[in-house]
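Observations on the model geometry
The primary structure of each chain is shown beneath.
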Amino acid sequence: MSLTLGPFHLLSTAGSLRDLASGKERTDGLQGVDDRLPQPNSLRRAGEETKTAVAAATELLRATGTVVSERLGVYVGQQQIALDYCTRFVESSYRDGPKLASPMLFSESVANNVATHLSLTLGLRGIAQTFIGTRAAGIQAVKAAAEDVAGGHVDVGLIVVLGVATSLTRDAYLSVYRPFQRKNRPDIRFLRGAVAMLVRREAPGQPRLLHAGVCSAGRGPAAQARAVGSVWSEAVGRLKPGTRVVDSVLDLARESGRAVIRQSVIAAPPGPDFGEGYALDPFVRLMLDGALHPGPSGRAAVCLGEEGTAAVLALDGPAPVVEV
Amino acid sequence: VSAAPVRVVVTGTGYVSGLGFGPEDHEAALREGRSAVGPIRRFDTTGFRTSRGAQCDESRLDALLRRRLPAPALRGLGVDSRMLLWSAAAALDDAGVVPSTLRRALPAVLGTTLEGFWQAEQWYAEVCLRTLAHARPRRLTQCMAGAQLSTLAEILGLTLEPMVISNACATGVSAIGRLFRRLRSGEAELGLAGGYDTLSRFIHLGFDSLGALTPGTCAPFDRNRSGFFIGDASAVLVLESLESARRRGARIRGEIVGYGESLDAHHPTHPDPEGRGLARAMVQALEMGGVAPASVDYINAHGTGTPANDSAESRGILRALGEDVGSRVPVSSTKALVGHTLGAAGALEECFCLLALERGFLPVQATREQDPECPLRLVSSPEGRPAVAVNNSLGFGGANGVLVTRRWEEGA
């Protein structure tokens, strides 16, 4: 069965896709996200990432005239669990003592928090699943949505992929990748936000979803190269001739990550530098490549997580982007 | 992709909990209704409202792992990764699957709500209580679930097609359900599914702050129930098409015949008190499996022992099966024995269902005074020979997942 993936709708700290493509350096793109929510009161306790995800999803549904019913499934992809609230909860327990730990902070820290708020906001009663634990979590969400649409379990898959980062993320990555800089804590540029997109059967004007594959063989460079080779060889037979390939690797380990990918894949030169977007990153790179190199050719993102998961997402052309 | 649904069987299980390792350690406890709860030793509970949980025996876990793996491979791995590693290896052994003979990447749909957050928590405590410079970064390298699956792949010599689901307390069932559907549609022949999570300070304190943890005994469906305790667990199952299992000559542990899932769209943390979402998921799963309500012989309830869950679940069961049938089917919650094992719960409870179907008994759960708001037939004796088991899971966000499993009988 032929499925389509699109359109895409991005809300991020760096602004919209138009802002990113124009090279504007923005960090205030999520200001005023509360005003974009359909029911801001019900989300008053939610974190910025949840609000952004709900805003991106509801705006996309409205722009595409998608009917919300039990036949709409929600698939959320995020690299980490809801770290902001986890951190605040743990911190408060040390600061104020365990008896004063806030249950409100805890309930917002649950990994499927975004799916929960989406289901409550939209009144969804069907499928909502959250995929975590890797840079490829968004591609896993696309794969799951495609399986469910193809299997007839839902008619439309609403996918929301998040880029989440906190001061804890910065400290953690500095500890692992820049241990000698831990005391000075240099700033790391993060791309935070959410992209929403739809998987459907043959939606007119949307690119076909040619492949969404994931592979893991281990953590070392040789195992990572095997995973990239395996997932790429599975994808390559389905790509259109002349497909443009972009890569997505951890910003802090960019050279080594790209070197692993390039053992199997010839990727386009890196596009604009917008910081570290985690699970959001491969989608933004695909969208940006479509915006900067428009044309009918196919497009694929090859993603390698620092933990060793490799993934490929391939379309038969650039996906139209919704700007609201 | 096949036109007709493919029959999906379970050919291997591997599981660890506070009760022990694998079926031999668990069967007697399930028959007796023996609980693994005890004082928490992993972290300091001074100042907490409750201080009991069900930790796995880490020294025995390490001894079991060292029997099959070189010590350097295990160095630096957190308890979550080690439990996952042992249960996956045990499931593959049980199924007779040799990783080096697999010709393509093995689908692995695993669930967790916390990934390796216990590692991150220890690192963060070092940052909070001392300084960043004193925190040990090594703890962070096993935090992400992707890293834990990559480690699993590396140590066991597997190439995996990984997917990590986090669907709150319905995670384990969601993971099995996703792989089940995939195999049923003919898109794959063999794969791993399951879940894992670790008792950690964060999760214990979180549920403690919600008032969901019991200071006494976990007594699901009891009039005086006061909540649950948290337990460690990892449970992995090998799911396979019947054709593949027969071709390999594998021993079949049971057949998964139905899966249903739904959302309550009611409240972030409370289930729909009428159990409507759960009932829809149960009906979906039973219909998919072609199982009439009267044919259900056992329900492994989500049964957290909280006032809100148990009454809502009871209503959901009665709504799905009908009041007459629903009040006669034997029901128990094994969370009373192993605790709430979060992302592992649905998978571990599926292993208990398979064990009960295969060995012919009903898992027992002690109840002193049954709540009239929960008019179910609670299992007080292990006597019984169930042929069809239903496994319910409910999670935050109103997530419901239900599996229906049949006893395997050759020639069926």
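The preceding data block contains the structure.
One structure accompanies this document, and this report is about it. The numbering scheme is per chain: residues are counted from 1 as the chain's sequence reads. All chains are assigned letters beginning at A, and all ligands numbers beginning at 1, according to the order in which they are written. The model is predicted, so local features are restricted to residues of pLDDT at least 70 and side-chain atom pairs to those at 80 or more, both for listing and for counting; the totals for chains, interfaces and linings are taken over all residues. Hydrogens and water are ignored here; the side-chain numbers use all heavy atoms of the structure.

Details of the interface of chain A and chain B
Condition: It only takes one pair of heavy atoms within 4.5 Å for two residues to be counted as in contact. Defined here as a combined quantity, buried area equals the accessible surface (1.4 Å probe) lost by two parts on assembly, summed across both. For this document, the term salt bridge refers to a Lys or Arg side-chain nitrogen within 4 Å of an Asp or Glu carboxyl oxygen. We define a polar contact as two N or O atoms separated by no more than 3.5 Å, with the added condition that, inside protein, one atom must be a possible hydrogen donor and the other a possible acceptor, whereas residues neighbouring each other in sequence contribute only through side-chain atom pairs. Secondary structure elements are defined from DSSP: runs of H or I of at least 4 residues count as helices, runs of E of at least 2 residues count as strands, and each element is numbered from the N terminus. For this classification, the nonpolar set comprises Ala, Val, Leu, Ile, Met, Phe, Trp, Tyr, Cys and Pro, the charged set comprises Asp, Glu, Lys and Arg, and every other residue, Gly included, is treated as polar.
With 67 residues of chain A in contact, the opposing surface of chain B contributes 68 residues. Ranking the residues of chain A by area buried against chain B places Tyr94, Phe106 and Arg219 of chain A at the top, with a combined share of 12%. Across the contact surface, chain A and chain B share six salt bridges. The tally of links from chain A across to chain B stands at 26 residue pairs in polar contact (both at pLDDT 80 or more). Sorting the residues of the side of chain A that touches chain B by element identifies helix 3 (83–96), helix 4 (103–108), helix 5 (113–122), strand 3 (128–131), helix 6 (137–150), helix 7 (167–177), strand 6 (209–216) and helix 8 (221–236) of chain A as the ones contributing at least two each. The residue inventory of the side of chain A that touches chain B, partitioned by class, reads 28 nonpolar, 25 polar and 14 charged.

Notes on the side chain of glutamate 261 of chain B
So the rule is basically this: Residue burial is assigned from relative accessible area. The probe radius is 1.4 Å, only protein chains are included, and a residue is buried under 20% of its type maximum, exposed over 50%, and partly exposed in between.
One can find glutamate 261 of chain B in strand 10 (residues 254–263). Using a relative accessible area of 5% as the deciding quantity, one classes glutamate 261 of chain B as buried. Of the polar contacts made by the side chain of glutamate 261 of chain B, one reaches the side chain of arginine 181 of chain B; its length is 3.0 Å. Ignoring anything within four residues of it in the chain, the contact list for glutamate 261 of chain B reads Gly126, Ile127 and Gln129 of chain A together with Arg181, Ala281, Gln284, Asn400 and Gly401 of chain B.

Points about the packing of helix 6 of chain A against helix 7 (residues 171–184) of chain B
For clarity, the threshold we go by: Axis angles are defined between N-to-C directions and span 0 to 180 degrees, where every axis is a line fitted to C-alpha atoms and, for a helix, only to the segment in contact. Should an angle lie under 35 degrees it is considered roughly parallel, over 145 roughly antiparallel, and from 65 to 115 roughly perpendicular; all remaining angles are considered oblique. Take the far helix as your reference; a near helix turned counterclockwise from it by less than a right angle gives a left-handed crossing, and one turned clockwise gives a right-handed crossing.
Relative to each other, helix 6 of chain A and helix 7 of chain B sit at 50°, their axes nearing to 11 Å. In terms of their interaxial angle, helix 6 of chain A and helix 7 of chain B are classed as oblique. Pair helix 6 of chain A / helix 7 of chain B crosses with left-handed handedness. Residues Lys143, Ala144, Glu147 and Asp148 of chain A of helix 6 of chain A lie in contact with helix 7 of chain B, whose contacting residues are Arg178, Arg181 and Arg182 of chain B. Each residue belonging to the contact of helix 6 of chain A with helix 7 of chain B can be placed in one class, and the counts come to one nonpolar, no polar and six charged.

Details of the pattern of salt bridges
One pass over the full model with this rule turns up 56 salt bridges over all chains. Taking the shortest distance from any N to any O, the salt bridge between aspartate 208 of chain B and arginine 49 of chain B comes out at 3.9 Å. Taken together, the residues span a long stretch of sequence, with aspartate 208 of chain B in helix 8 (residues 201–209) and arginine 49 of chain B in the loop between strand 3 (38–39) and strand 4 (52–54) at a distance of 159 residues. When its relative accessible area of 3% is taken as the criterion, aspartate 208 of chain B is described as buried. For arginine 49 of chain B, a relative accessible area of 44% corresponds to the partly exposed category. Across the pair arginine 247 of chain B and glutamate 189 of chain B runs a salt bridge whose closest N-O atoms are separated by 2.7 Å. Linking arginine 247 of chain B in helix 9 (residues 242–248) with glutamate 189 of chain B in the loop between helix 7 and strand 7 (190–197), this pair joins segments that are 58 residues apart in sequence. Given the relative accessible area of 55%, arginine 247 of chain B is considered exposed. Among the charged side chains, a network of salt bridges with common partners joins Lys143, Glu147 and Asp148 of chain A together with Glu161, Arg178, Arg181, Arg182 and Glu261 of chain B.

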